Amino acid sequence: MDEREILTRFKAGTLGRDDAARLLNGARQSRTGTPLPPPRPDAAPDSDHGAPDGHGTSVGRGTSGGLGASGGQRAFDGQSAADRATSTDPIAVVGIAGRYPLAPDLHAHWDNLLSGRDTSSAVPAARPWLASSAPGRRGHFLDGVADFDPEFHGITPAEGALMDPQERLFLEVAWDALEDAGYTGSRLDALTTASGASRALGVFVGAASHDYALLAAGAWTPGAGATPRAGHWGLPGRLAASLELTGPAQAVDTAECSGLTAVHLAVGALRRGECAAAVAGGVELLLHPARLADGAGEGVGAVVLKPLHRALADGDRVHAVVRDTASGHRARPRQPESRAAEEAHESRETTARRIGSAGAVTGIAALTDAVLQVRHGVRISGAADTAGVPWPRTRDEAGRELPRTATVEIAAEGGGTAWAVVEEYAAEPGGTDTGGDGGPLLLSAPTPAHLAATAHRLADWLTATAQADADAGHPAPGPPPAGLARALRVGRAAMPCRIALPAPRDVAELVARLEHFADTGEAGPEAATADLRDGRGDPLGLDGLPETRDYLIALWRAGRTETLTRLWLNGVGVDWAALEAASPWTAPSQPPPPSARLRRPLWLGADRAPADPEPNG
């Protein structure tokens, strides 16, 4: 290959940066004897076919999600210097998840908001050390805070028991938010900065308490062994390390403002080009008797943020738009020039009426409530026991509809304030993505039990969604199967235990296949499973060959999806997102449910696991 052909293939995205540098070096040395420096990361010819990155796409547990030796090399550059966000660019919320009192997910939380449900209760029986210290006291509590699924996240039970439950909960909810956004699979590698760094995802977390460490210290005796850490650095650090992220990772404590301050820091990092996307959130648990007070609350929440123009270019689903943020004493963000006359207002007081006085999670809970209101077009009053009401858009003087807008202001007791302006995103009229000509539906999980639970959860969700659509009179109930299959292929991490189902024709057929597998463990006709634990994947070592990427591209262009699926089942890293990048799409309006977990109690070093843990999240 001469230099012209090498550069042509590099610019077209069919040759990775590392391989191009090596070949160019060899070509120039043979011609002149002088080595050539590697290609610049921003040497792409355009935003659609930019310089691929050179990072792999392995997502833990020894499995690969990339394209051979240059697994993360993409057919486009996620963020060139020209399309970096500016200090005033709106920021899209492309993923969201949370758990709040009497609400294991945001669907249940929204139902609670709509009905004005009182979420207070007595101290859970599973926390006897709290109940005995203050009999009769009520608060707003999460269920199952002692439970965790260490295997899902590649963590040993012993290590999981030493982790602060706040860290464990945030890890789970942040992962759910990333799955909601479609960024736990190979699409994560496409999050690149102008410098060319891939997996440029920032993590910002608000937290303010250390109850688990205090409980451990109170129970400590000489020779007791390891104790939980007291710092909060593990909250962002655990997620960043497990996904091999290159963006900033920061914990912040500004009391009740913490969760919203984390959002403010994430927005700033995005606008400075420090990362291409960011997870921001907060967490609060009441575990120590000294902090138990009437009306106290708990929760954990996270959002995934991207510059709006980048989110639209990448086909992301946009839940809402963050126009601006501010943090500090007497801080206020810039307001949009065209503002709705009727805004929603979220504050520490309104949040306390819904989930209690929830400390560090207050800010992200208030932001979440604002996003849900502008997205659904329903106003939730700040008064207790008040149901939601329709929220019509207002119009400007010219008669144009204005987007619904909500302001979020959290004033901490210590005097700090954090603000955000959240705005409805009105999508441009257009067709619904069907996923192209169809492709396999792929599911994966860390163990066979996890895989069966995930299949069961997906089948239940499809059934419920189709029934709700039918009740609403939709002509085609349920999500388009091809679009769902594509969302799962490109947006989910490839884990060791896998099942591949043929391209689904309709929802009923897909539900039947999923239920058959979940109940029997058998893949069924035209389907196949694989178990790649203990390093059993990729027996031919294709991921280590520089030619593998071109081979996979050739298979895709020839329509050999069955061969690609077999390779995926055998552990070859197939970057479906890169292969399908030439076919524009928009993420489904109804994202598939998060992966199932098998939680069990892990508490202060004691693994009290039942023999067969039940799926519970």
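Shown above is the structure to which this text applies.
Only a predicted model underlies this, so the values are computations on that prediction, with no experimental measurement involved. Here, residues in each chain are numbered from 1, in the same order as that chain's written sequence. Whole-chain, interface and lining totals are the exception, using all residues; otherwise, since this is a predicted model, local features are given only for residues with pLDDT of at least 70 and side-chain atom pairs are given and counted only at 80 or more. Note that the side-chain values use all heavy atoms of the structure and ignore hydrogens as well as water.

Chemist: What's the story with the sheet that holds strand β16 (residues 497-501) in this structure? I'm lost.
Modeler: To summarise the sheet geometry, strands pair through backbone hydrogen bonds and adopt either a parallel or an antiparallel arrangement. In this scheme, strands are said to pair when DSSP sees at least two bridges between them. Numbering of helices and strands runs from the N terminus; a helix is a DSSP stretch of H or I covering at least four residues, while a strand is a stretch of E covering at least two. On the basis of which strands lie adjacent, the open sheet formed by three strands has the order β15-β16-β17 and antiparallel pairing. Among the strands making up the open sheet, the edge pair consists of β15 (441-445) and β17 (528-531). Each strand of the sheet is rotated relative to its neighbour by a mean of 15°, with strand direction disregarded. Where β16 and β17 come together, four bridges link them in antiparallel fashion. Across the sheet, A500 pairs through a bridge with A528, a residue of β17. Contacts are assigned to residue pairs that have any heavy atoms within 4.5 Å of one another. Axes, fitted as lines to C-alpha atoms, cover a helix only where it is in contact. Angles between the N-to-C directions of the axes lie from 0 to 180 degrees. The strands touched by helix α15 (residues 507-520) are β15, β16 and β17; relative to β16, the strand with the most contacts, the crossing angle is about 150°.

Chemist: Hey, could you run me through the packing of helix α9 (residues 258-271) against helix α12 (residues 362-376) in this one?
Modeler: Any two packed helices are characterised by the angle at which their axes cross and by the distance between the axes. The contact between α9 and α12 brings their axes to 4 Å, and the two run at 70°. Comparing the axis directions of α9 and α12 gives the class roughly perpendicular. Contact with α9, carried on its side by G259, L260 and V263, involves G363, I364 and L367 of α12 and no other residues of that element. Amino acids outside the nonpolar list (Ala, Val, Leu, Ile, Met, Phe, Trp, Tyr, Cys, Pro) and the charged list (Asp, Glu, Lys, Arg) are all regarded as polar, and Gly is one of them. Residues belonging to the contact of α9 with α12 are distributed by class as follows: four nonpolar, two polar and no charged. For classification purposes, angles smaller than 35 degrees are called roughly parallel, those larger than 145 roughly antiparallel, those between 65 and 115 roughly perpendicular, and all remaining angles oblique.

Chemist: Any chance you could explain the layout of surface pockets here in plain terms?
Modeler: Once rolled over the atoms, a probe with the size of a water molecule shows which space is left empty. Buried and open spaces are told apart on a 1 Å grid over the protein atoms alone, a cavity being a set of points where a 1.4 Å probe fits but cannot get out and a pocket being an open set with protein on both sides within 12 Å along at least five of seven lines. Residues with an atom within 4 Å of a point are the lining residues. Grid points are joined across faces, edges and corners, and a volume is the space filled by probe spheres set on the points. For the second largest pocket, the calculated volume is near 1300 Å³. Along the wall of the second largest pocket there are 46 residues; nearest its centre are P104, D105, L106, H107 and P594. Contributions of two or more residues to the lining of the second largest pocket are made by β1 (91-99), α3 (106-115), α6 (165-181), α12 and α13 (448-471). Residues that form the lining of the second largest pocket fall into these classes: 21 nonpolar, 11 polar and 14 charged.

Chemist: Sorry, what's going on with the side chain of R317 here?
Modeler: On the secondary structure map, R317 appears in the loop between α10 (308-313) and β9 (320-328). There is a polar contact of 2.4 Å between the side chain of R317 and the backbone oxygen of D180. Any pair of nitrogen or oxygen atoms within 3.5 Å is treated as a polar contact; in protein, a donor-acceptor pairing is required on top of that, and neighbouring residues in sequence qualify only through side-chain atoms on both sides. Within the structure, R317 has its side chain in polar contact with the backbone oxygen of P588 (distance 2.7 Å).

Chemist: Where do I start with the environment of A352 in this structure?
Modeler: The topology assignment puts A352 in helix α11 (residues 348-355). Throughout this description, buried means an accessible area under 20% of the type-specific maximum (1.4 Å probe, protein chains only), exposed means over 50%, and partly exposed covers the range between. Of the residues examined, A352 reaches a relative accessible area of 25% and is grouped as partly exposed. On a C-alpha basis, the gap between A352 and G382 in space is 9.4 Å, while along the polypeptide they are 30 residues apart.

Chemist: I keep staring at unusual backbone geometry and nothing clicks. Help me out?
Modeler: For residues besides glycine, phi is generally negative; the peptide bonds are generally trans as well. In this model, E244 sits at a positive phi of 55°, which is unusual for a non-glycine residue. Residue position: E244 is located in the loop between α8 (234-242) and β6 (249-252). Its identity is not glycine, yet A255 carries a phi of approximately 55°, on the positive side. Within the element layout of this structure, A255 appears in the loop between β6 and α9. Relative accessible area serves as the criterion here: at 31%, A255 is assigned to the partly exposed category.

Chemist: I would appreciate a short explanation of the nonpolar core in the present structure.
Modeler: Here is a general trend for soluble globular proteins: nonpolar side chains tend to be buried in one another's company. The biggest cluster of nonpolar side chains holds 52 residues, and the ones touching the most others in it are F170, L178, L201 and V279. A per-element tally of this core places α6 first, with nine residues. Apart from the residues within four sequence positions on either side, L178 is in contact with Y183, T184, L201, L239, L243, V279 and V304. The set of buried Ala, Val, Leu, Ile, Met, Phe, Trp, Tyr and Cys residues whose side-chain atoms join them within 4.5 Å is what this entry labels a nonpolar core. Core analysis: the next-biggest nonpolar cluster, separate from the first, contains 41 residues, V252, A262, A365 and L367 among them.

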